Structures are given as structure tokens and as C-alpha cells.
Amino acid sequence: MPENAAEVTAAGIARLAGVGRAAVSNWRRRHPDFPQPVGGTDASPSFSLPEVEKWLRDQGKLAEVPLRERVWQQAASHPGGTADALRLAGAVLLLAAERPEEWRALSRESDRTLPARLAEAAAEVFTQRFGGPPPAAPAPAAPRAAAPGAAAHGAAALAPEAPGPAALAAAVPLVRAAGRLAAELGPRQAYEFLLGRHLDTNPRQYTLTPPGLAELMAALALPGTARPGAPPVQAFTVLDPACGTGALLRAAGDCGTLLGQEADPALAALTAVRLALRTSAEVRVRAGDSLRADAFPGLAADAVLCHPPFNERNWGHDELTYDPRWEYGLPARTESELAWVQHALAHARPGGTVVVLMPPAAASRRSGRRVRADLLRRGALRAVVALPAGSAPPYGIPLHLWVLRRPDPTGAAGAVPPSPHLLLVDAAGLLPEGHGGHGGHGGHGGREALPRQLLRDAVLEAWESFDRHGTTEARPGVARAVPVIELLDDDVDLAPARHLPPPAADDGPELIGLRERLAATLRHTAEITPAPGLPVSGAPAPGTPVSGAPAPGARRPTTTVGELARAGALLMRPGGPGAVPGGDGPAVLTEHDVVAGTGPTGTLPAGAPEAPVLTEEGDVVVPVLGRGAVARVVDRETAGAALGRNLWLLRPDPAVLDPWFLAGFLRGTANTRRASSYASTTGRLDVRRLQVPRMPLSDQRRYGARFRELAGFESALREAVVLGEQLVRGLHDGLTDGRLSP
């Protein structure tokens, strides 16, 4: 095996061949010529990627490894770790984007001369895109002194470094493969694919901001500062002091200068390359803890966007007690979010806008009431927006957006005087009935896709009206400009729902209409309730054996899904990358949707280069993780959605297999138990082992018609449950609020 040959795990082999990990284990047991492990551990061995590719191709299990998969496997098996591999690939991709001709010339160099030449060229590009001090900015009217040690730490927070010759020499195959991937997909798309796969593989390591939410935060911050006397949008300086993967800075677009700081040095380097590939703006990303080691001391940005880490105890409370950033009071040890709010405000120019994503508890915890009160008294806090659950991780919690503006004590032209009101918005009240973030039946859970445009437009409309006039028209249950004096009590509770008037008082007609819909649904459900043992329409009378049904005590001949796939009776495809709430790419049918019977509620990230598996009418979709007996036939409304992770798509040949027949038998409890990894249905389902009876197509259609009737009955039951819950909730609210009489 070549010294620098990439390695791949069993999970990677399964991805390459489009099978489950159990199949790879079977190949290792049954085929003596299967490649032997070359690394890893006994529990998780790794194999030579070239040897695995050759074996799969010789066995007819692989026509050709897609280039993007080859590059990813090389990155994932890099000795220095995936993040270091992406740093090397990112240098190549950035060079290919900035100086394509120079990269093409370098790619023709030999393996011996390429590392040194590439390191020199990459260093020039990195210096051009990331080097130099932060841009000069007008000092605030009342300049704050730097925190103890901040200047020294800030000076030590260096820009991302280009990889050196030694690192590149150890990864020449990866470097060349990344260059070919850039030619195939484009440098930006190639990097988005590799970084996206890395983030997808380590979901617990990174907290991501969904694109839709990032765009809303940017829209709240950037137009708010475009007023007389403020710089034009193209000249904006935008800071994110906890930039993570750069979602908020990406949403800011080509606004002039993008500044970010990230505590993880490896992630800071990856994010810098990502931003440089996405925008023509000046990019400055630094590594370090923003609260303890501020990389941009003295900066006064036009806008600050921040999705800080939540519930940190060790954020520097003791060593930063006398830090001058705490203009509105020293945050308690348990109030790290209020420290981030004041850090962001300290870095905004007078009149500059700050938007921070906050946990809902920060609006009402008693330990933070003094800081909240001072933010209100001095006019720094302008709006609190309660988002629906599912807007961002953690998805089960309805997070808040705080919109702040740094006061301008000089009263300069264009400055906005402190407002005697605070805008409170409950965005959950903006959603149509049934789209709330509460769990329950019918798929209305926290991860359900939100009507993003409706939400975005309504929040921006309320904010822009309030920002122009200092107040706005009250919308019951949704938005209200609350006098600050009403909020300055012992609790200083800023939770929007506690200060908004109840929804509009059309309870009587609305509840009557809801009751009528529920009654009609219940009548329809009763009418289609299936009778046990009743033959399907057109079948023989009761007591007469149904064609295709086994005689009493006989064993029905069966086949497996895997055998049907090998015979060409159906096509099997695994689900693609995970969906993201608030994304802007194609709609994704998630495993939650399949179980709940809803339409596609996920979305892919915009511009995701990995081609998704798109569903077609008549496909059968099966979840494979701990869901029990579930299989769903794709209808006309769902067709065209991308297939999400932990799902398998079965596309039957209609001349051989009836989709409803297939889905019905796949749902058998005994069937799924036999095909599960464990004795119960809580394990992982091996779809290939699921069994289907052998019978003529005409008999399949008889069973399929029956299974289709059961699916219609199940759908009616779900609708009745949702309507019943809405009616009960409406009656409870009306009676307790005094809007209905008993």
C-alpha cells in the first residue's frame, strides 16, 4: 500500500457502496479476499481506500467512486484529523478561487516540488485575504479602556496561517484530489461539501445557526443602521464575536468588512476560508475567547451579530470583575449571556445595532434583573422577539432574539434617542394554526419547518415600524410596544408572551367552525373505520379463500427486499445529508415526517453540492432507526422532496410490484422485528432483510387497496386528534381569559 494511501472505516465503505454497515460485516466474514484492516482498532478497524475500491469494483458492487466521496474519505482518514485535512484542502480551494491560472500551473508540478511552491502561493493568498490588523474605526464618544490583558491577547490572536511545505508534502494525494474537486464543482461548492460533511459527522461538537435565522438576524441589524448620517451598506463593518462556522457573517453578505472571533483555533481557520470563498468582503477571523482575549480591542462596528454559547459557568466572571465592558452592571456568574450582550454592545459604534440570540430564561431570571433594568433605562435594549421552538438548536426551546442599539450620548446627526418603549414580539403567534413549536400529534413538533418568509416579513415589519416611530400598532397575541416604566418592577421580566394582550376575540365563530370541522372529520372517520377481516372491494364473499392468501396453517412463500433489489424489481437508495431548520435549499422529507404522516418539513442548506435523492410518486420510504413498523407511500404532494437521513427509499417497478402492497407488508410488526439489529424494534432496521410475500400482481393490488384504505383511516384519525386538541385548547383559553361564558 502506498505510504500516503487514504484509509476508510466500515461506515465509509457502507456509504461508498450504498449499503448498511451490517452488509460490510457480512462481506468481511463471507469473502476471504476482502481487504484486511490496515489501522484503527479491533472495534473500529480502517482499511486501505484503494484496496476497498478495487474489491468493490471487482465484485460488481461499485462502478466508480464519486470524486467528492474519494476526497472526503481522504480527508476523514488524514493522520492529523479531519479539521487539519480541511485546512490543507481549503488552502488549495482558496488558491483555485483567487488565482485559478496559478493553481493550474502548480497542479502540473511533480509531487516533490509541489508542496514548497504551493505553500508559498497559499501564504500570499492567506496574507491578502486574512492578514493585517482590524480596520480602523471611529472611537466611541466615551472610549472604554481595554480589559486587563485584552490588548496583549488581541495582539496574539493571529490570522489563520497557510499550511507549510511539510504538512502539504504529507498530503499530496489529498491536495491534488481537492484541486480536481474544485474543477468539478467549483472551489466554493467543493469546500461547502467537505466542511458540511465534517459538521454533519460531528453534530455534537458544533452548534450551528440555521441559515433562515441567520438571515433574519442580519436583516434586523443591517437596515436598522442605514439612516441619515450612517455609512452606506457597502461600507458596513460587521462583527460576530462567537462566529462558529460563520453563518451570521455569511448572512451579512458583501457588506464591506466581516470580523469574527472563535474560541476553537481549528474552526476559526476553517470559517475564515469559508467566508473568503463566499464573499468579496474583507475577512478577518481570529482565534481566541472573545470575553477573556478580545481580538478586536477598541473596535466600533456598524453591526454586531452573535449566537453565543449558552449557560456557561466558566466565562471569566472572577478575572473580569472590573472590566469596563460591563457598563450596565456586572453579570452574575450564571448570566454568561448578559456578558456576551454587553461585550457586543461595547463593540458597536454609537447608534450601531446589535442582535443576539438568547435563551428564554435570560429574559426573566432574577439574577439578571439589574442588568436588564439598566439596559432598559438607558435605551440600549430595543426589542425582544420570542421565536417559535425549532428555530435553532436546542430545537425544543423557543429561543429569543434581543435587538439592541448602542446609545449615542452626543446626539449626533442620525442618532436615535432612547425609546420610552420596548418592542415585544411573540413570533409563535405569527404562525398559522398547527405550525406551533409544541410537540404533539400530526407532526407539529419543534423540528417542523417554519413558514420562514411569513415569519421574517412579520418580524421585520414590526421592528422597522417601531424603529422609525418609537412605537408600533399592537397586534393581540403577536406584538406590542410596551412602555419601559411598566417593565421596571421587581422582576424586570421581558418574556413577550407575559406582556402581550390575548389574541383577537373572534373566539365564538372560530370555535364553532373548528367544532364543525371536527364533527365532520369524526363522522368521516367513523364511516371509513375498517372492519376486521372484511375483504377488500371486489374480493370473494366472507368464507371464500382470497386469491393469493395461504390456506389455514400454510406458510406463504416470501422473498426479501434485498432479493427484489438484486432482481431489478425495485431500486434502493439511502437518504442523503441531514436537513436543517430554516435552510433555503430543496424541501426534505425527514424521518419525523414519515412517522407523523406530514409533508416534507426539513430543508437542505442552500447550494449543497451533494446531489440529494429526490422522491417520486409511488416510492416507499422506510425509517431505519427505532421507529417500529413504519412505511409510507409517497403521494403527489410529497413527490419531489429530497430524502432525509436515516431513511431508505424503495422504488418498485410498477409492472412487478404494487407500492401499497409493498408498504403494507413492510409495516408488519413481526417483519420489522426479524429485520432489526436487536430483539426489539428499538434497534436499527436492515431494510434488505424485510420480507414480502410472493404473489401475482393482481393479488398484490387487492392487498394494496386494503392497505391504502387503512392509510386513509390513519390519516383521518390524525386530523381528528389535531382538531380536537385545537378545540380543547381554544375552549380552555376562552373560559380562563373571560372571553367565553360557561
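Up top is the structure these notes are about.
Residues numbered from 1 in each chain as written. Predicted model: local features only at pLDDT ≥ 70, side-chain atom pairs only at ≥ 80, totals over all residues. Heavy atoms only, no water.

Spatially, β6-β5-β4-β7-β8-β10-β9-β11-β12 is the arrangement adopted by the 9 strands of the open sheet, whose pairing is mixed. In this open sheet, the two edge strands, each paired with only one partner strand, are β6 (282-287) and β12 (479-483). Strand-to-strand twist in this sheet, taken as the mean axis angle between neighbours without regard to direction, amounts to 15°. Bridging between strand β9 (residues 381-386) and strand β10 (residues 400-405) involves 5 bridges; their strand directions are antiparallel. Its bridge partner being in β10, alanine 383 is matched across the sheet by valine 403. On the sheet, helix α12 (residues 211-221) packs against β7 (301-306), β8 (348-358) and β10 and is oriented at approximately 155° with respect to β8. Along the sheet, helix α14 (residues 265-278) makes contact with β5 (256-262) and β6, crossing β6 at roughly 175°. (Pairing = 2+ DSSP bridges. Helix = DSSP H or I, 4+ residues; strand = E, 2+ residues; numbered from the N terminus. Axes fitted to C-alpha atoms, helices over the stretch in contact; angles between N-to-C directions. Contact = heavy atoms within 4.5 Å.)

Counting residues in hydrophobic clusters, the biggest one holds 93 residues, and the most contacted among them are Leu118, Leu194, Leu220, Val238, Leu357 and Leu401. The greatest single-element share of this core, amounting to 10 residues, is contributed by helix α5 (residues 82-98). Not counting residues up to four positions away in its chain, the partners in contact with leucine 220 are Thr353, Val355, Leu401, Val403, Val459, Leu460 and Trp463. In terms of nonpolar packing, the next biggest core, distinct from the first, is built from 43 residues, Leu320, Val354, Met358 and Leu494 among them. (Core = buried A, V, L, I, M, F, W, Y, C linked by side-chain atoms within 4.5 Å. Buried < 20%, exposed > 50% of the residue type's maximum accessible area, 1.4 Å probe, protein only.)

Turning our attention to the pattern of salt bridges. A complete count under the given rule lists 34 salt bridges for this structure. Of the charged contacts, one joins aspartate 493 and arginine 498 as a salt bridge, the two residues approaching to 2.4 Å between their closest N and O atoms. For aspartate 493, a relative accessible area of 16% puts it in the buried group. Residue class for arginine 498 comes out exposed when judged on its relative accessible area of 58%. When the shortest N-O distance is used, the salt bridge between arginine 718 and glutamate 714 registers 3.8 Å. Remark: glutamate 714 and arginine 718 occur in helix α24 (residues 697-737); sequence separation between them is 4 residues, near one turn of the helix. A single salt-bridge network, built from bridges that share partners, covers Glu327, Asp374, Arg378 and Arg406. (Salt bridge = Lys/Arg side-chain N within 4 Å of Asp/Glu carboxyl O.)

Attention now moves to the packing of helix α10 (residues 172-185) against helix α11 (residues 187-201). Contact geometry of α10 with α11 gives a least axis separation of 7 Å together with a crossing angle of 115°. At the point where α10 passes α11, the crossing takes the right-handed sense. For the pair α10 and α11, contact is made by Leu181, Ala182 and Leu185 and by Pro187, Gln189, Ala190 and Leu194, respectively. Taken together, the residues that form the contact of α10 with α11 break down as 6 nonpolar, 1 polar and no charged. (Left-handed = near helix turned anticlockwise from the far one by under 90°. Nonpolar A, V, L, I, M, F, W, Y, C, P; charged D, E, K, R; others polar.)

In a packed pair of helices, the relevant descriptors are the angle between the two axes and the axis-to-axis distance. For the pair α5 and α10, the least separation of the axes is 9 Å and the interaxial angle reads 45°. Relative to α10, the element α5 lies oblique. The crossing of α5 and α10 is right-handed. Residue-level contacts link Ala85, Ala89, Val92, Leu93 and Ala96 of α5 to Leu174, Val175, Ala178, Gly179 and Ala182 of α10. Counted by class, the contact of α5 with α10 contains 9 nonpolar, 1 polar and no charged residues. (Parallel < 35°, antiparallel > 145°, perpendicular 65-115°, else oblique.)

Let us now look at helix α16 (residues 369-377). If you check which residues of α16 are buried, you get Val371, Arg372, Ala373, Asp374, Leu375 and Leu376. In the core, the buried residues of α16 are packed alongside α15 (336-346), β9, β10, β11 (421-426) and α18 (484-487). Downstream of α16 by a residue or two, glycine 379 has a phi angle that is positive, lying close to 75°.

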